[in-house]
Amino acid sequence: MSKSKENLQENLCESNSLCECEIAPNDGKNSYYITTPIYYPSGDWHIGHCYTTVNCDALARYKRCKGYQVIFGTGTDEHGQKVADVAASKGLSTQTHLDERAENIKQLWKILDIEYDMFIRTTDDYHCKAVQEIFLQLYNQGDIYKSNYEGKYCTPCESFWTPAQLVDDCCPDCKRPVIDSCEECYFFRLSRYQDRLLDLISNTDFLAPQSRVNEMVNFIKEGLQDLAVTRSNVKWGIPVPWDEKHTLYVWVDALSNYITMLGYGSDDTTKFDKFWPADLQVVGKEIVRFHTIIWPGILMALKLPLPKKVYGHGWLLLGGDKMSKSKGNTANPFDLVAKYSVDAVRYYLLREVPFGADGAYTLEMFLNRYNTDLVNTYGNLVSRTFAMANQNFDGIISKDDGQCESIDSALVEQIENLPKLVDEFVDNLNLSKALESIINLCQSANKYIDETKPWLLAKQQQSKARLQVVLYNLLQAIKISSQQLSPFLTEKPIQVLKALGFGDGVYRLQTLDKLYDRVDVKSELSKAN
Ligand code: MSP
């Protein structure tokens, strides 16, 4: 376990934690395997890449808190002509370029507090070897055959298309022109699995959200063609073991990462035996087809269990015409974290856009979200409550026998209901709603302060007991909301939980610096322009 992971667990446990009681316990099965797609190291990383990873990280953290043994896997997809071309255009060797990009994405995950358990690079020896084994097995059992490919090829997407799939004679994915391709290559008998794939997608919960199902069903119903899975003119790829002038075309190589990462095809399959099939594979909507048709097709051929769920999330739209070169750096995650904190970036990515839908990113929306929810609501609740508890009780607040009033019960009920509510939202992968419900509790607690007016109670000796009840309720709201926030936001909620000093029913507050600084949106926007 990494140091930070250890600390997280410790802090949560010490503070009457999520893992002990507040998050509903797990369902008896204690392993959980979640993956992101592996990223193409062709350009600079932007917050769109962070979107998938931060959402998976929050889910992985949440499951760890519930007591699951989690493997959260991510990595880089390093083969294909495109990366080789990018490296050449920079005057670098392909390997040097890839090493630098892989280091850079690991750095990005570090500043975003991404606690992955496995990081795979498809140029790793063990992966290449296992992929060759997989390919050989498929060939030996007749799922791969050699033939001539004649059709259309999109070089940027490295995708083959049938004429019927083209849109205005261009690639249906990137809309760029395709070239005629005629070459000998190896094919995967995807057509063999058409009926099983149709059944999988139409009659099970394999693909979510439901809105992505129809498109895949229609695609399969049009008839699945066998798939060209090798190239003879792409040198930067895994060679076909028995026919080295062919290299494996990216998808068989890339998709296999999800099992090779666990040791499939190696001597040590302990992790694979324990963690496969994956519980959740999260992908962007543009690669749902690969993950719900080609990937289960390959697994069916290998006679392996299928992932329990593939979730196709929407896109974060990076400003469209509003995105100018001079503004470009505002969407750079390194800059955003450095300027506004890791909590701010993670919060935006988890909260702003409902997970299945598309949504726009603008600096203005990002800053407003941060100011409204983190500064004004959560941060403000914590600082007001800490200040009053320190002033009036030297920071020591116990659950006293002071009279409970009807205004208290609504807040107490909301506090008690929160863990279950969050749990339900997380189960449905609705992380945005989970966060909304936590911030709603903080809003209610702020309103409770306005209504109970603790600053007036503090003025009279005879209302001291009542003041204590009010502050205790507020600290409970802070404790529960911080616990619930801690899988999502990695910085401040943990500090708050520590500073609450909760034990044996008593809060013994410690010093806590201001959580979040308000940002002047206008001036930030004018600086960015
Ligand atoms: N290498 C393939 C995946 C192979 S998985 C076996 C790939 N890589 S990618 O770098 O292009 O994209 C990786 C992920 O980042 C995808 O899930 C994609 O949707 C996500 N995002 C990249 N830009 C994005 C946005 N602007 N918004 C949300 N997610 C997006 O595809």
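Analysis parameters
Residues numbered from 1 in each chain as written. Predicted model: local features only at pLDDT ≥ 70, side-chain atom pairs only at ≥ 80, totals over all residues. Heavy atoms only, no water. Helix = DSSP H or I, 4+ residues; strand = E, 2+ residues; numbered from the N terminus. Rg over C-alpha atoms; globule rule 2.2 N^0.38 Å. Buried < 20%, exposed > 50% of the residue type's maximum accessible area, 1.4 Å probe, protein only. Near = heavy atom within 4 Å. Polar contact = N/O pair within 3.5 Å; in protein donor to acceptor, adjacent residues only side chain to side chain. Areas by Shrake-Rupley, 256 points an atom, 1.4 Å probe, with all protein chains shown as cover. Nonpolar A, V, L, I, M, F, W, Y, C, P; charged D, E, K, R; others polar. Arc of directions from axis to C-beta. Contact = heavy atoms within 4.5 Å. Pairing = 2+ DSSP bridges. Expected span 1.5 Å × (residues − 1). Phe/Tyr/Trp six-rings, centres within 6.5 Å; stacked < 30°, edge-to-face > 60°. Lys NZ or Arg CZ within 6 Å of the ring centre and 35° of its normal. Salt bridge = Lys/Arg side-chain N within 4 Å of Asp/Glu carboxyl O. pLDDT = per-residue confidence, 0-100.

What follows is about the overall build of the protein. The helix and strand inventory of the protein stands at 21 helices and 18 strands. In terms of C-alpha radius of gyration, the protein reaches 26 Å, essentially the compact-globule figure of 24 Å for 529 residues. Counting only C-alpha atoms and orienting by the principal axes, one finds that the protein spans roughly 90 × 55 × 40 Å. Out of the 529 residues in the protein, the part that is buried amounts to 56%.

Quick look at the site of the ligand now. In the vicinity of the ligand lie 24 residues, with I38, D77, G284, E286 and L316 positioned nearest. In this structure, a nitrogen atom belonging to the ligand sits 3.2 Å away from a main-chain N or O atom of G48. Within the backbone of G284, an N or O atom sits 2.8 Å from an oxygen atom of the ligand. When the ligand is considered free in solution it has 660 Å² of accessible area, and contact with the protein chains removes 91% of it. Elements supplying a minimum of two residues to the shell around the ligand: α3 (47-65), α9 (250-255), α10 (257-260) and β12 (280-284). Per element, the largest residue contribution to the shell around the ligand is 4 residues, and it comes from α3. Residue composition of the shell around the ligand, by class: 13 nonpolar, 9 polar and 2 charged.

Here we take up helix α13 (residues 333-340). Taken as a whole, α13 has its buried residues at P333, L336, V337 and Y340. All buried residues of α13 lie within an arc of 100 degrees about the axis, which places them on one face of the element. Within α13, the exposed residues directed more than 90 degrees away from the buried face are A338 and K339. Against the buried residues of α13 lie α3, α5 (94-111), α14 (342-351), α15 (363-393) and α21 (521-528). At the N-terminal boundary of α13, the capping side chain belongs to N332, with an oxygen 2.7 Å from the backbone nitrogen of F334. Downstream of α13 by one or two residues, S341 has phi in the positive range, about 95 degrees.

With that settled, the discussion passes to the pairing of strand β4 (residues 144-154). Bridging between β4 and strand β6 (residues 179-188) involves 10 bridges; their strand directions are antiparallel. Paired with Y153 across the two strands is I179, which belongs to β6. Two successive antiparallel strands, β4 and strand β5 (residues 159-161), enclose a turn made up of 4 residues, where E158 displays a positive phi of approximately 50 degrees.

For helix α17 (residues 431-452), built from 22 residues, the straight-helix expectation of 32 Å at 1.5 Å per residue is met to within 8% by its first-to-last C-alpha distance of 32 Å. Two residues or fewer after α17 comes K453, characterised by a positive phi angle close to 45 degrees.

Turning our attention to the packing of aromatic side chains. In total, this model carries 28 aromatic pairs according to the counting rule given. Ring-pair connections join several aromatic residues into one group, and the members of that group are Y33, Y258, Y264, F272, W276 and W295. Taking the ring centre of F393 as reference, the NZ or CZ of K464 above it sits at 4.9 Å. Just above the ring of F502 sits the side chain of K479; from NZ or CZ to the centre is 3.9 Å.

A few words on the environment of K309. Its location among the elements puts K309 in the loop between α12 (288-302) and β13 (310-313). Sequence-distant contacts of K309, defined by excluding residues within four places in its chain, comprise D205, F206, A208, A278, D279, L280 and Q281. At a separation of 2.8 Å, a polar atom in the side chain of K309 contacts the main-chain carbonyl oxygen of D205.

Before going further, it helps to examine the sheet that holds strand β11 (residues 243-248). Ordered in space as β9-β11-β10, the 3 strands form an open sheet in which the pairing is antiparallel. Where the open sheet ends on each side, the last strands, each with one partner, are β9 (230-231) and β10 (239-240). Taken together, the 2 bridges between β9 and β11 define a ladder with antiparallel strand orientation. Of the residues in β11, the one forming a bridge with T230 is L248.

With 2 bridges connecting them, β6 and strand β8 (residues 227-228) associate as antiparallel partners. Its bridge partner being in β8, F188 is matched across the sheet by L227.

On to the sheet that holds strand β17 (residues 502-503), then. Read across the sheet, 3 strands follow the order β16-β18-β17 without closing on themselves; strand pairing throughout is antiparallel. The sheet terminates laterally at β16 (396-398) and β17, the two strands that pair on one side only.

Let us now look at the pattern of salt bridges. By the definition in use, this model includes 29 salt bridges. The salt bridge partner of R346 is D57, with a shortest N-O separation of 2.8 Å. Taken together, the positions of R346 in helix α14 and D57 in helix α3 put the pair 289 residues apart, joining distant regions of the chain. Both residues of the pair, R346 and D57, count as buried. The residue E115 makes a salt bridge to R64 at a minimum N-O spacing of 3.5 Å. With E115 in the loop between α5 and β3 (118-121) and R64 in helix α3, this residue pair connects regions lying 51 residues apart in the sequence. Note on E115: relative accessible area 6%, which makes it buried. One salt-bridge network, in which partners are shared between bridges, spans D57, R61, R64, E115, D117 and R346.

This next bit is on the confidence of the model for the protein. In the predicted model, the protein carries a mean pLDDT of 90, and the fraction of residues at 70 or more is 92%. Long-range and interchain partners of residues 1-26, a stretch whose pLDDT sits below 50, account for 55 contacts in this model, where long-range means more than four residues apart. Counting interchain partners and residues more than four positions distant, the pLDDT-below-50 stretch residues 321-330 has 13 contacts.

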